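A structural walkthrough
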Amino acid sequence: MTLIGLAACSTPGPGEAPDGIFDPQEQTNRRIHEMNKTIDEKVLRPVGTAIGGGEGGGAMTVVSNFASNLDTPGTIVNQLLQLDFEGAVHNTWRFVVNTTIGLGGLADPATMIGLTEDESDFGETLYVWGFPEGEYMELPVLGPSTERDATGMVVDLFTNPLSYVLPSPEKYVGTGLKAVAKLGKRGRYAELVDGVLYDSADSYAQSRMTYLQNRRYELGDQAMDTYISPDDIDTEGF
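Attention here is on the structure that accompanies the text. Bear in mind the structure is a predicted one, so any value in this text is a computation, not a measurement. (Residues numbered from 1 in each chain as written. Predicted model: local features only at pLDDT ≥ 70, side-chain atom pairs only at ≥ 80, totals over all residues. Heavy atoms only, no water.)

1. Remarks on the overall build of the protein chain
Helix and strand counts for the protein chain come out as 11 helices and 2 strands. Its helices and strands taken in sequence order, the protein chain reads α-α-α-α-α-α-β-β-α-α-α-α-α from the N to the C terminus. Looking at the 238 residues of the protein chain, the share that counts as buried comes to 40%. Put simply, of all contacts in the protein chain between residues at least 6 apart along the chain, 68% involve residues at least 24 apart. (Helix = DSSP H or I, 4+ residues; strand = E, 2+ residues; numbered from the N terminus. Buried < 20%, exposed > 50% of the residue type's maximum accessible area, 1.4 Å probe, protein only. Contact = heavy atoms within 4.5 Å.)

What follows is the structure, encoded as structure tokens:
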């Protein structure tokens, strides 16, 4: 509750900050960004490329399916907190189909019958509850975020009912597979990510703008006059 209270006291970003970006800790964030680029260059990019592309793509699809299925109960909890009962029912059926017919989530037959993935998280729950975006943040290793989304990430560690049902060490399998799936995604979208991190004139500003634009679009937060459209993204250096 303390974290939620802190998020509530933060200054909102899009509506009141210049250019729709509230980044009072930019210098600190830039230092973390440079550290993250080094970690990406030395570890994440080569490992992600190795496991996420080529012949490893099929195996990564299975890993991604399984990790996504394990995350679904947490998504359902967030949708219930948002009073999104239609989404909660949709994802409940998706979880049942993939857990049974999909062999525990290794396959994704739910998508084939129209039960496509409908993601949600506690950051979105806070948005629905009216909490402001807060400061832009660059988190070590995890990358771009905001105060609201960072708070949501912490709370999401405790919102998945499976974490209270599964015994140790099985309940940590999902976390590990989710990390592997993210590495695979880094490899799958290597060209796009490399363009932002290594080819743009200012990779920090580019990453910040891209993250905020995408996240606000996901949340449907397009009311602000300074909404960043894809056409506004500076492509110099790509």
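That shown, we press on.
2. What to know about unusual backbone geometry
Positive phi outside glycine occurs at Leu 83, with the angle close to 60°. Locating Leu 83 in the fold gives a position in the loop between α3 (57–81) and α4 (85–100).

3. Quick word on the packing of helix α2 (residues 26–52) against helix α11 (residues 203–219)
Contact pair α2 / α11: the axes reach a minimum separation of 10 Å and the direction vectors enclose 100°. The orientation of α2 relative to α11 falls into the category roughly perpendicular. Residues Glu 26, Asn 29, Arg 30, His 33 and Lys 37 of α2 pack against Ser 203, Tyr 204, Ala 205, Ser 207 and Arg 208 of α11. Here the residues of the contact of α2 with α11 sort into 2 nonpolar, 4 polar and 4 charged. (Axes fitted to C-alpha atoms, helices over the stretch in contact; angles between N-to-C directions. Parallel < 35°, antiparallel > 145°, perpendicular 65-115°, else oblique. Nonpolar A, V, L, I, M, F, W, Y, C, P; charged D, E, K, R; others polar.)

4. As for a negative patch on the surface
A grouping of Glu 86, Glu 117, Asp 118 and Glu 119 is seen on the molecular surface, where their side chains present a negatively charged patch. Note on placement: Asp 118 falls in the loop between α5 (109–112) and α6 (122–128). A relative accessible area of 31% means that Asp 118 is categorised as partly exposed. (Patch = residues over 30% accessible without salt bridge, like charges linked within 9 Å, V, L, I, M, F, W, Y side chains within 5 Å. Areas by Shrake-Rupley, 256 points an atom, 1.4 Å probe, with all protein chains shown as cover. Salt bridge = Lys/Arg side-chain N within 4 Å of Asp/Glu carboxyl O. Lys, Arg positive; Asp, Glu negative; His and termini not counted. Charge placed at Lys NZ, Arg CZ, Asp CG, Glu CD.)

5. Quick look at the side chain of Asn 160
With respect to the helices and strands, Asn 160 occurs in the loop between α7 (147–156) and α8 (162–165). Take Asn 160: its relative accessible area is 12%, and that puts it in the buried class. Only 3.0 Å separates the side chain of Asn 160 from the backbone nitrogen of Leu 162, close enough to count as a polar contact. Setting aside residues no more than four positions away along its own chain, Asn 160 makes contact with Leu 70, Asp 71, Pro 73 and Gly 74. (Polar contact = N/O pair within 3.5 Å; in protein donor to acceptor, adjacent residues only side chain to side chain.)

6. Some thoughts on the environment of Leu 139
Secondary-structure assignment places Leu 139 in strand β1 (residues 136–139). For Leu 139, a relative accessible area of 15% translates into the label buried. When the C-alpha atoms of Leu 139 and His 33 are compared, they prove to be 8.1 Å apart, with 106 residues separating the residues in sequence. In contact with Leu 139, other than residues within four places in its own chain, are Ile 32, Asn 36, Ser 145, Ala 150 and Met 153.

7. Digging into the pairing of β1
As paired elements, β1 and strand β2 (residues 143–146) share 4 bridges and run antiparallel to each other. Opposite Tyr 136, over in β2, you have Thr 146 as the bridge partner. Taking the residues between adjacent antiparallel strands as the criterion, β1 and β2 are bridged by 3 residues, where Val 141 takes a positive phi near 70°. (Pairing = 2+ DSSP bridges.)

8. Focus on α2
Over its 27 residues, α2 runs only 32 Å from end to end, short of the ideal 39 Å by more than 12%, given 1.5 Å per residue. Buried within α2 are the following residues: Asn 29, Ile 32, His 33, Asn 36, Lys 37, Asp 40, Gly 48 and Gly 52. (Expected span 1.5 Å × (residues − 1).)

Function cannot be read off these values alone, since they describe shape.
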